[in-house]
Amino acid sequence: MAKPATILVKMVSTADTGFFYVTKKNPRNSTEKFQFRKYDPVVRKHVIFKEEKIK
């Protein structure tokens, strides 16, 4: 059986709150790391979220 095309990645807040989102990524199409500006409810602001591996 073939491996799935998408993997789960953890998007961690750069505000050092420990808050994170989990999203899917197709590493064949997007080889660079994700970086999004999303809402962090701990600091109640939009901040940059960077991709990390799920452990």
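Small disclaimer: the values here were computed from a predicted structure and weren't measured. (Residues numbered from 1 in each chain as written. Predicted model: local features only at pLDDT ≥ 70, side-chain atom pairs only at ≥ 80, totals over all residues. Heavy atoms only, no water.)

**Student:** Lay out the pairing of strand 3 (residues 35-40) with the relevant residues and their values.
**Tutor:** Bridge count for strand 3 against strand 4 (residues 45-52) is six bridges, and the pairing is antiparallel. Bridging across to strand 4, Lys38 finds its partner in Val47. The hairpin formed by strand 3 and strand 4 contains four residues between the paired strands, and Arg44 there has a positive phi angle of roughly 55 degrees. (Pairing = 2+ DSSP bridges. Helix = DSSP H or I, 4+ residues; strand = E, 2+ residues; numbered from the N terminus.)

**Student:** With reference to specific residues and values, describe the environment of Val47.
**Tutor:** In this fold, Val47 is placed in strand 4. We classify Val47 as buried; its relative accessible area is 15%. The spatial distance from the C-alpha of Val47 to the C-alpha of Thr14 is 6.8 Å, given a sequence separation of 33 residues. Among residues more than four places away in sequence, those in contact with Val47 are Ser13, Thr14, Ala15, Phe36, Arg37, Lys38 and Asp40. (Buried < 20%, exposed > 50% of the residue type's maximum accessible area, 1.4 Å probe, protein only. Contact = heavy atoms within 4.5 Å.)

**Student:** Tell me about the nonpolar core, residues and numbers included.
**Tutor:** Membership of the largest hydrophobic core is limited to five residues, which are Val9, Met11, Phe34, Val47 and Phe49. Elements that contribute at least two residues to this core include exactly strand 1 (7-13) and strand 4. When residues no more than four places from it in sequence are discounted, the contact partners of Phe49 are Met11, Val12, Ser13, Phe19, Phe20, Tyr21, Phe34, Gln35, Phe36, Lys38, Tyr39 and Asp40. (Core = buried A, V, L, I, M, F, W, Y, C linked by side-chain atoms within 4.5 Å.)

**Student:** I'd like a description of the side chain of Ser13, backed by residues and values.
**Tutor:** Looking at where Ser13 falls in the secondary structure, it is placed in strand 1. The exposure class of Ser13 is buried, given its relative accessible area of 5%. A polar contact of 3.1 Å, which involves the side chain of Ser13, links it to the backbone nitrogen of Ala15. Among residues more than four places away in sequence, those in contact with Ser13 are Phe19, Asp40, Val47, Ile48 and Phe49. (Polar contact = N/O pair within 3.5 Å; in protein donor to acceptor, adjacent residues only side chain to side chain.)

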